[in-house]
Amino acid sequence: MATAPQNPSLPLFYKDLVPLNSQQHASWKTRSTDKATWLAGVNSIPLTVEEFPQAQRHFPIIFTGTDQPIPLALMGMNEGVNVFVEDDGTVPNPIYIPAYARRYPFMLARLRPDSEELSLCVDPSSDLIGEIEEGEALFADGEPTDTTKNMLKFCENFEMAGSKTGNFMAELKKHDLLMDGELNIDIGGGQPFNYRGFKMVDENKLREVRGDILRQWNQNGLLALIYAHLFSLDLVRDIFGRQMQQGKGPHAQPQAPAANA
């Protein structure tokens, strides 16, 4: 992703992570906000396949250039640029916010490497949670409130969607459909802007996939997801144009849209 966490062992956005419990966090609350400050300056957000239909209306969908690629919603063409979120976190126009970002400052995490059990954790550095005056209580009489239960369910659904995404990516790799991507934007009067360092579906190889496999993909919805990705790439020029309008255009040299894991 474009912007790495302060601690490289933590996921994007998270500066710290602690498991919630009714003893230490009995008086903690969580509040909602209309400013997604954690999204400011972040140009690519992890995406699950279930989100492709909504996300492809707003953002190009690409895949990281890593050995284990993951889908990303591209919210800016260059590192440090998010054309949809202002510097103070304001989102001036309605857009689809990926679930990865909506769950913050919560997430499910494995506390011990030798255990498959996931625990609901929070980033205590966030101003959206803690011993704050206004907000929804996380615990009441030593038990999780509906607010906490609902967030736990949301995070559980996100993990299940993550498993489906892993299966989708495995199918693309199995049929060798991913190729190194390159996006070229020519605005005239100078050197075109080239973006590399990510992966995309190879349309030529897609056309060569056997008919019985395509029929299966059509039945299970995978084919629609592939085309949502391919169609979404048409939005690259829109994202680039927004950057230029906002005075955040790149220098005339090869660029790489965020795809660092």
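I will try to describe carefully the structure that is included in this document. Just so it is clear, the model here is predicted, and its values are computed rather than measured.

It is worth spelling out the overall build of the chain at this point. Assigned secondary structure in the chain consists of seven helices and 15 strands. The C-alpha radius of gyration computed for the chain amounts to 20 Å, which stays within 12% of the reference 18 Å derived for 261 residues, consistent with globular compactness. By principal-axis analysis of the C-alpha atoms, the chain measures approximately 60 × 50 × 30 Å. Taking the contacts inside the chain whose residues are at least 6 apart along the sequence as the reference set, 72% of them involve residues at least 24 apart. Just so you have it, the chain exposes about 13,700 Å², and 47% of that area is on carbon and sulfur atoms. The chain carries 23 positive and 34 negative side-chain charges, and their two centres are separated by 5 Å.

Phe13, Phe168 and Ile226 are the most contacted members of the largest nonpolar core, which totals 62 residues. In terms of residue count, helix H6 (residues 222–232) provides more of this core than any other element does, six residues in total. In this structure, Leu108, Leu120, Val122 and Leu138 belong to the second largest nonpolar core, which totals 11 residues.

This part is about helix H3 (residues 146–174). Helix length check: H3, at 29 residues, gives a terminal C-alpha distance of 42 Å against a target of 42 Å (1.5 Å per residue), a fit within 8%. Aspartate 176 sits one or two residues past H3 and shows a positive phi near 55°.

Opposite charge on two side chains makes pairing possible when the charged atoms of those side chains draw close. Counted by the stated rule, this structure contains 10 salt bridges. Two residues, arginine 31 and aspartate 127, come together in a salt bridge whose shortest N-O distance is 3.4 Å. In this pair, arginine 31 is assigned in the loop between strand S2 (29–30) and strand S3 (44–46) and aspartate 127 in the loop between strand S7 (118–122) and strand S8 (129–130), connecting sequence segments 96 residues apart. On the accessibility criterion, arginine 31 (31% relative accessible area) is partly exposed. One salt bridge in this structure joins glutamate 51 and arginine 102, with 3.9 Å as the shortest N-O distance. Note that glutamate 51 is positioned in the loop between S3 and helix H1 (52–55) and arginine 102 in helix H2 (residues 99–102), a separation of 51 residues in sequence. Residue glutamate 51 is classed as buried on the basis of its relative accessible area, which comes to 4%.

Put simply, H3 and H6 touch, their axes get as near as 12 Å, and they point 80° apart. Between H3 and H6, the interaxial angle falls into the category roughly perpendicular. Residues Phe168, Glu171 and Leu172 of H3 form the contact with H6, whose own contacting residues are Leu222, Leu225 and Ile226. Class assignment of the residues belonging to the contact of H3 with H6 gives a composition of five nonpolar, no polar and one charged.

Criteria and thresholds
- Residues numbered from 1 in each chain as written.
- Predicted model: local features only at pLDDT ≥ 70, side-chain atom pairs only at ≥ 80, totals over all residues.
- Heavy atoms only, no water.
- Helix = DSSP H or I, 4+ residues; strand = E, 2+ residues; numbered from the N terminus.
- Rg over C-alpha atoms; globule rule 2.2 N^0.38 Å.
- Contact = heavy atoms within 4.5 Å.
- Areas by Shrake-Rupley, 256 points an atom, 1.4 Å probe, with all protein chains shown as cover.
- Lys, Arg positive; Asp, Glu negative; His and termini not counted.
- Charge placed at Lys NZ, Arg CZ, Asp CG, Glu CD.
- Core = buried A, V, L, I, M, F, W, Y, C linked by side-chain atoms within 4.5 Å.
- Buried < 20%, exposed > 50% of the residue type's maximum accessible area, 1.4 Å probe, protein only.
- Expected span 1.5 Å × (residues − 1).
- Salt bridge = Lys/Arg side-chain N within 4 Å of Asp/Glu carboxyl O.
- Axes fitted to C-alpha atoms, helices over the stretch in contact; angles between N-to-C directions.
- Parallel < 35°, antiparallel > 145°, perpendicular 65-115°, else oblique.
- Nonpolar A, V, L, I, M, F, W, Y, C, P; charged D, E, K, R; others polar.

Taken by themselves, the reported measurements are silent on function.
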